[in-house]
Amino acid sequence: MAESLRVLLLSPEVFPFAKTGGLADVAGSLPKSIKGLGCDIRVAMPYYRMTKKGDFQVKVIFEDVEIPLFGEVLNDSIFSAEADGGVPLYLINKDEFFDREFLYGTSKGDYFDNMERFVYFSRMAFILCKMLDFQPHVFHCNDWQTALIPAYLRTLYRKDPFFSGTFSVFTIHNIAYQGIFDEKKLGVTGLPMEVYHPGGMEYWGKINLLKAGIVFSDVVNTVSHAYSREIQTPEFGYGMEGVLRDRSNDLYGILNGADYGEWNPKTDPLIAANYDEKDLSGKAKCKEDLLAEFNLPGSLKKLPLLAIISRLADQKGLDLLAEIMEDLMKMDLGFVLLGTGDEKYHKLFKSIAKEYPKKAGIKIAYDNTLAHKIEAGSDIFLMPSRYEPCGLNQMYSLKYGTVPLVRAAGGLDDTIQDYDPKTGEGTGFKFQSYDARDFLDTVRRALAVYRDGETWKRLIIRGMKADFSWQRAAKEYMDLYRRARAKRKLIPVGKPRAGTFSG
Ligand code: ADP
């Protein structure tokens, strides 16, 4: 039956308008599937330089809006465009905040005024709704950049009749990024002092925006079942484990999906040749093309080609990779890596490319076309992550017949089934402990199967048939929206414990 829920999804990045990681893919794809279930879902994001430079059809919808903020009245405009599937997308303009080279900071660190930037965006969510006369049933907030919205709903807008039927869902895409700021900046948020205590948004004498999202939202979710359990433990909770345990009755896991409109070797316009599980011949052409892209010798096409596409961050298990790199380079294989991030990893991988120019191709960049070519042209996709909230590349890899080799963390554990030579079942290779030897042994195990061409082919075809499309997740989000609505309570601000905010 058609739903009449109205939802405003707020995200600091939305593919293809701006992207640094998986959140953009989620915010770019999920709304289309939710809309398909009859929901009036709309999306809002900041209007970055990257978006302005892109080839998008954008129009101004409100000019010179008066915005009372930071103790003055600011003026700026709101733009709109169409996201995938005809979902309305609102672009919040403010050049002094968003007309920058990057989204959140440079490789040397975060922008100093990230608090102001995302307070501005969060406050604009409310102003936008009023300008549009759009009364949302749900603010669907994503990550720390939008985490103040549930707090505003419970405080500044608590008595505003326009939002009396609005509740909030807060999705955590990565708990390690929390938006922590000096308490001197509390005034910037515009929130009353009552929210600043250990049961609210204070965290060891600092402001923690992510914590505000967890404490003040009606329901909280994260992007896989395994990660929703892991973040309630000290090892993976990054200090939020207690707050999350307090809210465990309202904490859900919904596995992300893969957008097969973007990531499908049968239709992908960015790869050298299209293919599917019935005819894999195009994959060999894609491998040749990929080797050429990286200036690697064509003779590598007969050997297994291992690949990584990643933000170069500690989370991704790159220290494990560094430990086994020398052993890998002694084997008969090729290796390609595309990534950008921490300076220390830039240096490390550049030196590997220099040392092994005939075996290792490294590109330190963000390059969507090359990411597609790597998915299509390589044989084994490595994800040795220390933790992984969901991970998307393992799902893309399955579709492209590139066998994922993963550590059993978060969404990687939920999505990849370890190959069992006895039964012939499984979709990839998986190791348990965060240990370089286990990682290397698993690579050896994968290479042994690769050498048996027929078995390998059966393995990749099974992966290509797996279905991780967004439809399932969209239904689960609709259930979550309904749950949040059922839980909505007008709770006074300043209760001493986070748990008392749950329904
Ligand atoms: P995370 O959100 O932690 O970065 P995910 O696996 O959830 O990891 O999503 C990563 C997304 O970003 C994938 O779509 C991947 O292809 C893409 N990506 C990461 N790094 C790059 C890069 N350097 N160039 C192109 N795409 C990249």
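In this text the structure is predicted, and so the values were computed from the model without any measurement.

**Student:** Explain the domain arrangement of the protein chain here, please?
**Tutor:** How big an interface is tends to be stated in terms of the accessible area lost upon association of its parts. Looking at the assigned domains, one finds that the protein chain contains domain 1 (2-257 + 471-490) and domain 2 (281-464). In this structure, domain 1 and domain 2 have C-alpha centres spaced 33 Å apart. The interface is formed by 21 residues belonging to domain 1 together with 21 residues belonging to domain 2. Summing both partners gives a buried area of about 1,600 Å² for domain 1 against domain 2, and 55% of it is carried by carbon and sulfur. When the buried surface of domain 1 facing domain 2 is broken down by residue, Ser107, Phe236 and Leu255 rank first, second and third, together holding 22% of it. On the surface where domain 1 and domain 2 come into contact, there are zero salt bridges. If you tally residues by element for the side of domain 1 that touches domain 2, the top one is helix α8 (residues 225-230), at four residues. Looking at the side of domain 1 that touches domain 2 residue by residue, the classes come out as nine nonpolar, nine polar and three charged.

**Student:** Which parts of the structure should I look at to understand the site of the ligand?
**Tutor:** Near the ligand, the surroundings consist of 19 residues, among which Gly22, Asp25, Arg311, Lys316 and Ala365 are the closest. Here an oxygen atom of the ligand and a side-chain polar atom of Asp25 are 2.8 Å apart. A distance of 2.8 Å is found between a nitrogen atom of the ligand and a backbone nitrogen or oxygen belonging to Ala365. Contact with the protein chains hides 93% of the accessible area of the ligand, taken as 560 Å² for the molecule alone. Sorting the residues of the shell around the ligand by element identifies α1 (22-35), β15 (305-312), β16 (334-341) and α14 (393-399) as the ones contributing at least two each. For the shell around the ligand, the leading source of residues is β15, giving three residues. Counted by class, the shell around the ligand contains seven nonpolar, six polar and six charged residues.

**Student:** I'm lost on the environment of Asn393 in this one. Help?
**Tutor:** Inspection of the secondary structure puts Asn393 in helix α14. The sequence separation of Asn393 and Ile416 amounts to 23 residues, and the corresponding C-alpha distance is 11 Å. Leave out the neighbours within four places in its chain, and Asn393 touches Ile309, Glu375, Phe381 and Met383. Of the polar contacts made by the side chain of Asn393, one reaches the side chain of Glu375; its length is 2.9 Å.

**Student:** Any chance you could explain the sheet that holds strand β11 (residues 202-203) here in plain terms?
**Tutor:** By definition, the strands of a sheet pair up through backbone hydrogen bonds, in either a parallel or an antiparallel sense. If you trace the three strands from one edge of the open sheet to the other, you get β10-β12-β11, paired in antiparallel fashion. Two strands close off the open sheet at either side, each with one partner strand: β10 (180-182) and β11. As judged from the three bridges shared by β10 and strand β12 (residues 206-208), these two strands associate in the antiparallel manner. The partner of Ile180 across the bridge, within β12, is Asn208. Strands in contact with helix α7 (residues 209-216) are β10, β11 and β12; relative to β12, the strand with the most contacts, it is inclined by about 55°.

**Student:** Explanation requested: the sheet that holds strand β9 (residues 167-172) in the structure shown.
**Tutor:** Across the sheet, nine strands lie side by side as β3-β4-β5-β2-β1-β8-β9-β13-β14; this open sheet has mixed pairing. Only two strands of the sheet have a single neighbouring strand rather than two, namely β3 (59-69) and β14 (251-253). Neighbour to neighbour, the strand axes of the sheet diverge by 25° on average, direction disregarded. Sitting on the sheet, helix α4 (residues 114-132) touches β1 (6-10), β2 (40-46), β3, β4 (72-83), β5 (87-92) and β8 (138-142), and the angle it makes with β3 is about 115°.

**Student:** How should the packing of aromatic side chains be read in this particular structure?
**Tutor:** Think of a pair of aromatic rings as described by two things: how far the centres are apart, and how the planes are tilted against each other in angle. With the rule as written, the count across this model stands at 27 aromatic pairs. Here Tyr48 and Phe98 contribute two aromatic rings whose centre-to-centre distance is 5.7 Å and whose plane-to-plane angle is 80°, an arrangement assigned as edge-to-face. Separated by 50 residues along the polypeptide, Tyr48 in the loop between β2 and α2 (49-53) and Phe98 in helix α3 (residues 95-98) bring together distant segments of the chain. For Tyr48, a relative accessible area of 1% corresponds to the buried category. The exposure class assigned to Phe98 is buried, which follows from its relative accessible area of 0%. Positioned over the ring face of Tyr47 is Lys52, at 4.8 Å from the centre of the ring.

**Student:** What exactly am I supposed to notice about unusual backbone geometry here?
**Tutor:** Glycine aside, residues mostly have negative phi angles, and peptide bonds mostly take the trans form. Of note, the bond from Phe15 into Pro16 is cis; its omega dihedral lies within 30 degrees of zero at 5°. By the element assignment, Pro16 lies in the loop between β1 and α1. Even without a glycine there, the phi angle at Asp133 is positive, about 55°. If you trace the backbone, Asp133 turns up in the loop between α4 and β8. Of note, Asn295 is a non-glycine position whose phi angle comes to about 55°, a positive value. Mapped onto the elements, Asn295 comes out in the loop between α10 (281-293) and β15.

Each value, and the rule that gives it
Per chain, the residues get numbers from 1 upward, laid out in the order the sequence is written. Two thresholds apply to this predicted model, a pLDDT of at least 70 for residue-level local features and 80 or more for giving and counting side-chain atom pairs, whereas whole-chain, interface and lining totals are computed over all residues. Excluding hydrogens and water, the side-chain figures rest on all heavy atoms present in the structure. Here the bounds of each domain stem from an automatic or database domain assignment. Whether two residues touch is decided by their heavy atoms; if any such pair falls within 4.5 Å, the residues are in contact. A quick way to say it: buried area is the sum, across both parts, of accessible area lost when two parts are put together, with a 1.4 Å probe. When a carboxyl oxygen of Asp or Glu is within 4 Å of a side-chain nitrogen of Lys or Arg, the pair counts as a salt bridge. Helix and strand assignments follow DSSP, with helices taken as H or I runs no shorter than four residues and strands as E runs no shorter than two, numbered in order from the N terminus. Gly is placed with the polar residues, together with every amino acid not listed as nonpolar (Ala, Val, Leu, Ile, Met, Phe, Trp, Tyr, Cys and Pro) or charged (Asp, Glu, Lys and Arg). One heavy atom within 4 Å of a molecule or strand makes the whole residue count as near it. Here a polar contact means two N or O atoms within 3.5 Å. Within protein one must be a hydrogen donor candidate and the other an acceptor candidate, and residues neighboring in sequence count only if both atoms are side-chain atoms. Accessible surface area values rest on a Shrake-Rupley calculation with a 1.4 Å probe, where residue burial reflects the displayed protein chains alone. One requirement defines pairing of two strands: DSSP has to find at least two bridges between them. Every angle, taken between N-to-C directions, lies between 0 and 180 degrees, and every axis is a line fitted to C-alpha atoms, over only the stretch in contact when it is a helix. What counts as a ring pair is set by centres within 6.5 Å for rings of Phe, Tyr and Trp (its six-membered ring), and what kind of pair is set by the plane angle: stacked under 30 degrees, edge-to-face over 60, tilted for all other angles. Relative accessibility under 20% of the residue-type maximum defines a buried residue, over 50% an exposed one, and the middle range a partly exposed one, all with a 1.4 Å probe and only protein chains included. Throughout this description, the term charge over a ring refers to an Arg CZ or Lys NZ atom that lies within 6 Å of the ring centre and within 35 degrees of the ring normal.

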